[in-house]
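# Structural description and commentary
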Amino acid sequence: AGSLFEGFAGGLLSKPPFMSNGRVTQLIKLAKQSDRGRISQRNEEMKRLVDELRASMQPIGEEKLKKLVNGSWVEMWTTEEAVLSLANKGFLGSTFDYAGGSINMYEDKFTNIVAFQNGNSIEA
C-alpha cells in the first residue's frame, strides 16, 4: 500500500532539496484530484511520482530527519484498503472526515487516527 501525507508540524520551514523540484506540488494536486485515493484511476500516476520523488531524495542524517517528520500529519492519498473502506463507507453510521496521526521521533511513538465528522475516531 502507498500513502502521501501533509502537515508535519515540526518543520518543513526550510525545505529539503527534494521539495523544490515541483514533484511535491504535483503530488498534492494529484492527491486532491483522486479524492485521497478513492478515485483509483490516478493511482499509477501517483505511484510513479512518489517513486520519482523517492529517487531524488538524498540522505539527510538522523537528527535532521527527526526534525522534519516530528509532529502531526494528515493522510492525503492512500491505497490502504482499510482506510479506503472507512472513507467510502463510514463506520457505524459515522461519515469519514480524515486519516492522520502523530509521530514523536524522540520518544519512538507513533499514533494513527481515523476521524469521523461527528467527532468519533479510531486510534491505533
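Residues numbered from 1 in each chain as written. Predicted model: local features only at pLDDT ≥ 70, side-chain atom pairs only at ≥ 80, totals over all residues. Heavy atoms only, no water.

Before going further, it helps to examine the pairing of strand S3 (residues 96-104). Here strand S2 (residues 71-78) runs beside S3; their pairing, made up of four bridges, is antiparallel. Note that in S3 the partner of Val74 across the bridge is Gly100. For S3 and strand S4 (residues 109-116), the ladder comprises eight bridges, and the chain directions are antiparallel. Opposite Phe96, over in S4, you have Phe116 as the bridge partner. The hairpin turn running from S3 into S4, its antiparallel successor, is four residues long, and Asp108 in that turn takes a positive phi close to 55°. (Pairing = 2+ DSSP bridges. Helix = DSSP H or I, 4+ residues; strand = E, 2+ residues; numbered from the N terminus.)

Next up on the list: the packing of aromatic side chains. Under the criterion given, the structure shown has two aromatic pairs. Between Trp73 and Phe110, the aromatic rings sit 6.2 Å apart at their centres with planes inclined by 15°, giving stacked as the arrangement. Taken together, the positions of Trp73 in strand S2 and Phe110 in strand S4 put the pair 37 residues apart, joining distant regions of the chain. The class of Trp73 is buried, set by a relative accessible area of 7%. (Phe/Tyr/Trp six-rings, centres within 6.5 Å; stacked < 30°, edge-to-face > 60°. Buried < 20%, exposed > 50% of the residue type's maximum accessible area, 1.4 Å probe, protein only.)

With that settled, consider helix H1 (residues 23-33). Within H1 the residues assigned to the buried category are Val24, Leu27, Leu30 and Ala31. Projected onto a plane normal to the axis of H1, the buried residues spread over an arc of 130° and lie on a single side. Opposite its buried face, H1 presents the exposed residues Thr25, Lys29 and Lys32, each directed more than 90 degrees away. Of the residues trailing H1, Asp35 is marked for its positive phi of about 55°. (Arc of directions from axis to C-beta.)

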